[in-house]
Amino acid sequence: MNFIHQFILELLTSFLTVHSTDDLEVDLGHLRERWDWSITAYRSYLSFPVAGNNYTIVCTLAFLAITQGMHLLYNQLATEQLQTLVDMVGPRTFTTAAAVPSLGVITIPIMQILLVSRSPITALSLILVIVVPAIILPLAMLCFARVQMQQSDDSQA
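These numbers were taken from a predicted model, which means no experiment stands behind them.

### Some words on helix H3 (residues 54-75)
Given 3.6 residues per helical turn, the α-helix brings residues three or four places apart onto the same face.
Phase 1: An ideal rise of 1.5 Å per residue puts 32 Å on 22 residues; H3 measures up with 31 Å between its terminal C-alpha atoms.
Phase 2: Taken residue by residue, H3 has Thr56, Cys59, Thr60, Phe63, Leu64, Thr67, Met70, His71 and Tyr74 as its buried positions. Take H3 and look down its axis: the buried residues cluster within an arc of 135 degrees, on one side only. Opposite the buried face of H3, by more than 90 degrees, sit the exposed residues Asn54, Val58 and Leu72.
Phase 3: The secondary structure elements touched by the buried residues of H3 are helix H2 (24-46), helix H4 (79-89) and helix H5 (91-116).

### So, the packing of H2 against H5
Phase 1: Taken N-terminus to C-terminus, the directions of H2 and H5 make an angle of 25 degrees; their axes are 11 Å apart at the nearest point. When the axis of H2 is compared with that of H5, the two are roughly parallel. Like other packed secondary-structure pairs, H2 and H5 cross with a definite hand, here left-handed. Facing Leu31, Arg34, Trp35, Trp37, Ser38, Ala41, Tyr42 and Tyr45 of H2, the residues of H5 in contact are Phe94, Ala98, Val100, Pro101, Ser102, Gly104, Val105, Ile108, Pro109 and Gln112.
Phase 2: Tallied by class, the residues present in the contact of H2 with H5 amount to 13 nonpolar, four polar and one charged.

### So, the confidence of the model for the protein
Phase 1: The predicted model of the protein has a mean per-residue pLDDT of 77, with 82% of residues at 70 or higher.
Phase 2: The element-level mean pLDDT for the protein is lowest in helix H1 (residues 2-12), coming to 56, with H3 highest at 88.
Phase 3: Every residue in residues 14-20 is under pLDDT 50, and counting partners more than four places away or in other chains gives 19 contacts.

Quick notes on the rules
- Residues numbered from 1 in each chain as written.
- Predicted model: local features only at pLDDT ≥ 70, side-chain atom pairs only at ≥ 80, totals over all residues.
- Heavy atoms only, no water.
- Helix = DSSP H or I, 4+ residues; strand = E, 2+ residues; numbered from the N terminus.
- Expected span 1.5 Å × (residues − 1).
- Buried < 20%, exposed > 50% of the residue type's maximum accessible area, 1.4 Å probe, protein only.
- Arc of directions from axis to C-beta.
- Contact = heavy atoms within 4.5 Å.
- Axes fitted to C-alpha atoms, helices over the stretch in contact; angles between N-to-C directions.
- Parallel < 35°, antiparallel > 145°, perpendicular 65-115°, else oblique.
- Left-handed = near helix turned anticlockwise from the far one by under 90°.
- Nonpolar A, V, L, I, M, F, W, Y, C, P; charged D, E, K, R; others polar.
- pLDDT = per-residue confidence, 0-100.

Structure representation (structure tokens):
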């Protein structure tokens with residue numbers, strides 16, 4: 001389970017190693033950039049007119065409010081305050097919370113695909129086309145890297 005949890009967090013955020021990072025200012029800059037990008041993405045989702053998409057609009061607004069709240073809160077923090085926050089809540093909890101905006105950026109278009117397509121087969125096909133490069137390929141590369149590491153450890157032993 002730890003391997004799967006780590007993989008999901010690596011897909012959603014580049015802030016996985018926040019506890020072991022020495023340069024938190026760089027990491028905080030990456031977070032701010034990611035949140036700015038997420039806010040722009042959510043605003044563009046709201047401009048996409050789809051009939052009967054009230055649920056998608058509500059979800060987009062909820063993710064937008066979460067992202068803007070995080071952006072406003074963490075923009076005011078100094079590096080030392082961020083380190084204190086990460087130490088207080090724990091790096092995994094902070095990483096999971098920081099990944100929420102990225103999760104919404106992925107979820108909202110999938111919801112829109114489900115609403116727009118009239119056929120469940122078409123919707124499923126489109127979702128699979130989205131998922132294969134985004135999840136399957138990095139998972140395969142991660143598994144391949146782990147196998148190579150184990151083989152090199154076995155050869156050294």
